[in-house]
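Observations on the three-dimensional arrangement
Read off the chains here:
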Amino acid sequence: MNGSVVLVTGASAGIGRACADLLAQRDWRVIGASRRATAGDGWAPLTMDVDDDASVAAGVRSVVEQFGRLDAVVAAAGFGIAGPVEFTDMADARAQLETNFYGVCRVVRESLPHLRRNGGRLVIIGSIAGLIGLPFQAYYSASKFAIEGYAEALAYEVAPYDVDVTVIEPGNVRTEFTARRRHVPVPADDPYADASRKALASMARDEVRGADPSVVAASVLRVLEARHPPRRLTAGKANERVGALAKRLLPYRVFERGARGSLGL
Ligand SMILES: NC(=O)c1ccc[n+]([C@@H]2O[C@H](COP(=O)([O-])OP(=O)(O)OC[C@H]3O[C@@H](n4cnc5c(N)ncnc54)[C@H](OP(=O)(O)O)[C@@H]3O)[C@@H](O)[C@H]2O)c1
């Protein structure tokens, strides 16, 4: 695959940046997109806002004009929003889906005509929060659950053109994500204050102690270079990956009781 062209979104920080760095080291030709367009080590920066149709279309077009092809996409742009559902207004809810879900859709839609040409790879960064609903991050979880259904459906459509789709589902990863999380405004007498404080503090603590983004980048590289990539792959610390497995295997009430305990709820 050396010399293949890959577009990585969310490349100015965290997981996207680690992917861009590792792929460039492995001789992929990497274009790293973000709004800040921070330059990386051995790869080209590109300004792109995944919330914006025209920005994504122009970005993908410029990649193909410059490199003459597009072989793979790693969709890592995203952010988190936190707060009780009851106090999250629809503009904030939409903003979360706009970036984490529709942002992926825009990049995929613009890239597919090029990926279909020679067969290609689409790697979408989902989350364990797309397998297990996180309290007080309901819209974040919803955006990641949406990715799961979308990618699963898309995989059937593009398989005849030799395009493979994989969702990577990281657990907690140490990135800018925690500090950049948007907290919705809540009223002074917020009845959820205690529970949300406890749950969010516990989740933020786990993120700060989470895996290095290079762990996720290594999974992305494996998927991009595999002959038969998996449809989905969890990445990160073993105990978090076990959580996803436990949800599949345990009666749901039993799983939920355990999750409640671990979040202090
Ligand atoms: N950290 C975790 O624990 C964790 C766990 C599971 C999944 N994830 C997922 O991993 C992905 C990457 O997150 P991260 O942890 O690496 O966070 P991060 O360090 O905050 O990086 C987020 C990246 O997304 C870009 N981005 C955000 N909004 C964008 C927009 N509208 N248009 C273009 N780029 C945008 C940011 O760049 P600019 O601000 O420069 O545009 C930045 O490069 C996200 O989808 C996140 O949901 C994270």
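Coordinates for the structure precede this section.
Overview of the structure. (Residues numbered from 1 in each chain as written. Predicted model: local features only at pLDDT ≥ 70, side-chain atom pairs only at ≥ 80, totals over all residues.)

In terms of helices and strands, the chain carries nine helices and nine strands. In terms of overall dimensions, the chain is globule-like: its C-alpha atoms have a radius of gyration of 18 Å, near the 18 Å expected for 265 residues. Here the C-alpha coordinates of the chain stretch approximately 55 × 35 × 35 Å along the principal axes. Residues counted as buried form 43% of the 265 residues belonging to the chain. Excluding contacts between residues fewer than 6 apart, the proportion of contacts in the chain whose partners are at least 24 apart in sequence is 73%. (Helix = DSSP H or I, 4+ residues; strand = E, 2+ residues; numbered from the N terminus. Rg over C-alpha atoms; globule rule 2.2 N^0.38 Å. Buried ≥ 20, exposed ≤ 12 C-beta atoms within 10 Å, placed from the backbone. Contact = placed C-beta atoms within 7 Å.)

Near the ligand you find 33 residues, and of these Gly 10, Gly 14, Arg 35, Arg 36 and Gly 78 are the closest. Counting only elements with at least two residues in the shell around the ligand, the list comes to α1 (14-25), α3 (90-118) and α5 (177-180). When the residues that make up the shell around the ligand are grouped by side-chain class, the tally is 12 nonpolar, 14 polar and seven charged. (Near = placed C-beta within 6 Å. Nonpolar A, V, L, I, M, F, W, Y, C, P; charged D, E, K, R; others polar.)

It is worth spelling out the sheet that holds strand β1 (residues 5-9) at this point. Strand order in this open sheet of seven strands is β3-β2-β1-β4-β6-β7-β9, and the pairing throughout is parallel. Edge positions in the sheet fall to β3 (44-47) and β9 (232-235), since each has one partner strand and no second. Along the sheet, successive strands turn relative to each other by an average axial angle of 20 degrees, direction set aside. On top of the sheet, helix α7 (residues 213-225) reaches β4 (72-75), β6 (120-125), β7 (163-170) and β9; it is set at about 160 degrees to β7, its chief contact. (Pairing = 2+ DSSP bridges. Axes fitted to C-alpha atoms, helices over the stretch in contact; angles between N-to-C directions.)

Before going further, it helps to examine the nonpolar core. Counting 52 residues, the largest nonpolar core has Val 6, Val 8, Cys 19 and Val 74 as its most contacted members. Counting residues per element, this core draws most heavily on α1, which supplies six residues. Those residues within four positions of Val 8 in sequence are excluded, and the remaining contacts are Gly 16, Cys 19, Ala 20, Val 30, Gly 32, Ala 33, Val 74 and Ala 76. If you look at the next biggest cluster of nonpolar residues, it comprises 13 residues, including Leu 131, Ile 132, Leu 134 and Tyr 139. (Core = buried A, V, L, I, M, F, W, Y, C linked by C-beta atoms within 7 Å.)

The next thing to look at is the environment of Asn 172. Along the chain, the position of Asn 172 falls in the loop between β7 and α5. Here the alpha-carbon distance between Asn 172 and Glu 240, two residues 68 residues apart in the chain, equals 7.8 Å. With sequence-adjacent residues up to four places away left out, Asn 172 is seen in contact with Asp 206, Glu 207, Gly 210, Ala 211, Gly 236, Lys 237 and Glu 240.

The phi dihedral of Phe 136 is positive, around 65 degrees, even though this residue is not glycine. On the secondary structure map, Phe 136 appears in the loop between β6 and α4 (138-158).

To continue, consider the environment of Val 165. Note on placement: Val 165 falls in strand β7. It is 19 Å that separates the C-alpha atoms of Val 165 and Val 30, two residues lying 135 residues apart in sequence.

The subject of this paragraph is α1. End to end, α1 covers 17 Å across 12 residues, agreeing with the expected 16 Å (1.5 Å per residue, within 8%). In terms of residue burial, α1 counts as a mostly covered element, since 10 of its 12 residues are buried. With its phi angle positive at about 70 degrees, Asp 27 sits one or two positions after the end of α1. (Expected span 1.5 Å × (residues − 1).)

Here the focus is the packing of α3 against α4. Contact pair α3 / α4: the axes reach a minimum separation of 8 Å and the direction vectors enclose 20 degrees. When the axes of α3 and α4 are compared, the pair comes out roughly parallel. Regarding α3 and α4, the two cross each other, and that crossing is right-handed. Across the interface between the two elements, Ala 93, Gln 96, Leu 97, Asn 100, Phe 101, Val 104 and Leu 112 of α3 pack against Tyr 139, Tyr 140, Ser 143, Lys 144, Ala 146, Ile 147 and Val 158 of α4. (Parallel < 35°, antiparallel > 145°, perpendicular 65-115°, else oblique. Left-handed = near helix turned anticlockwise from the far one by under 90°.)

This paragraph deals with α4. With 21 residues, α4 extends 30 Å from end C-alpha to end C-alpha; this agrees with the ideal 30 Å at 1.5 Å per step. The secondary structure elements touched by the buried residues of α4 are β5 (81-82), α3, β6 and β7.

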